[in-house]
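# A look at the structure
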Amino acid sequence: EGNYLFLFPKKNVLWYPRGGVEAAALSSFPRLKEADVVTDDLQRIILTVEERVPQGLWCGDEYRPPNGSDQCYFLDESGFIYASAPDFSGTVFFRYFGKLRGEGPVGQQFLPVAEFERLNFFRTTLKEARIKTVALALLDDVDFELYLENGGKVMFKRDQNLSEVLETIQAVFSSEAFKRQDLLTLDYVDLRFGNKVFYKFEK
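Residues numbered from 1 in each chain as written. Predicted model: local features only at pLDDT ≥ 70, side-chain atom pairs only at ≥ 80, totals over all residues. Heavy atoms only, no water.

## Comments concerning the nonpolar core
Phe110, Phe122, Val154, Phe156, Ile169 and Phe173 are the most contacted members of the largest nonpolar core, which totals 32 residues. Mapped by element, the contributors of at least two residues to this core are β6 (72-75), α2 (113-128), β9 (133-139), β10 (143-148), β11 (153-157), α3 (162-173) and β12 (186-193). The element best represented in this core is α3, accounting for 6 residues. (Core = buried A, V, L, I, M, F, W, Y, C linked by side-chain atoms within 4.5 Å. Buried < 20%, exposed > 50% of the residue type's maximum accessible area, 1.4 Å probe, protein only. Helix = DSSP H or I, 4+ residues; strand = E, 2+ residues; numbered from the N terminus.)

## Looking at the state of the cysteines
Inspection of the entire model under this criterion finds 1 disulfide. In this model Cys59 forms its disulfide with Cys72; the gap between the sulfur atoms is 2.1 Å. What sets the handedness of the Cys59 and Cys72 disulfide is the S-S torsion sign, and at about 115 degrees it is right-handed. Separated by 13 residues along the polypeptide, Cys59 in the loop between β5 (56-58) and β6 and Cys72 in strand β6 bring together distant segments of the chain. Accessibility assignment for this pair places Cys59 and Cys72 in one class, buried. (Disulfide = S-S within 2.5 Å.)

## A look at unusual backbone geometry
Phi is positive for Asp140, which is not a glycine, with a value near 55 degrees. Secondary-structure assignment places Asp140 in the loop between β9 and β10. For Asp141, which is not glycine, the phi torsion reads 60 degrees and is therefore positive. Considering the arrangement of structural elements, one finds Asp141 in the loop between β9 and β10.

## Description of the pattern of salt bridges
Taken as a whole, this structure holds 11 salt bridges when the rule is applied. Where Asp143 meets Arg192, a salt bridge forms, and the shortest distance between an N and an O atom there is 3.1 Å. Of this pair, Asp143 sits in strand β10 while Arg192 sits in strand β12, placing them 49 residues apart in sequence. Given the relative accessible area of 13%, Asp143 is considered buried. Here the salt bridges share partners, and the residues they tie into one network are Arg101, Glu115, Asp141 and Arg158. (Salt bridge = Lys/Arg side-chain N within 4 Å of Asp/Glu carboxyl O.)

Worth remembering: the numbers are spatial, not functional.
Right under this line is the structure:
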């Protein structure tokens, strides 16, 4: 309604605030990854949007196994939390745990984008080495706990070099000591103490 400078009608698409429409769409609907406005004629605009694709779930401050009644939220490949998720049985999506900074999870970034992407590449490389994981928990902004599909967890520091962590994990899991054990009884592998590796199997 109204006119710009008392002369140009705001309903004319030539004066429509394209950037404002795009920004408003992205702000109002966190599920949207991109928004683009084009003019079709002098009376109509077309808003084209791209939705975010779920890469995993953020499921709260502290790790807990899936129980079918968790309140989780979708996050995309950048670690951006954008929508509540329905209940999933089993391990349909990888799960993330850790405290967030602001109010409410939707619209928040779980980890800095670059760090989140490095962790995803790290998990993919582990999977290629036949070490499958189901969840990652960030503890007090300092330590990570990576939960394995067949039980147990791997603990490492957030500031550790992931390439070195990967090499150590592969060496430990291919060692004779581990080959003699049933991995279903693994409790933990702790990589937080430099060159020393601590691990425990349940009796």
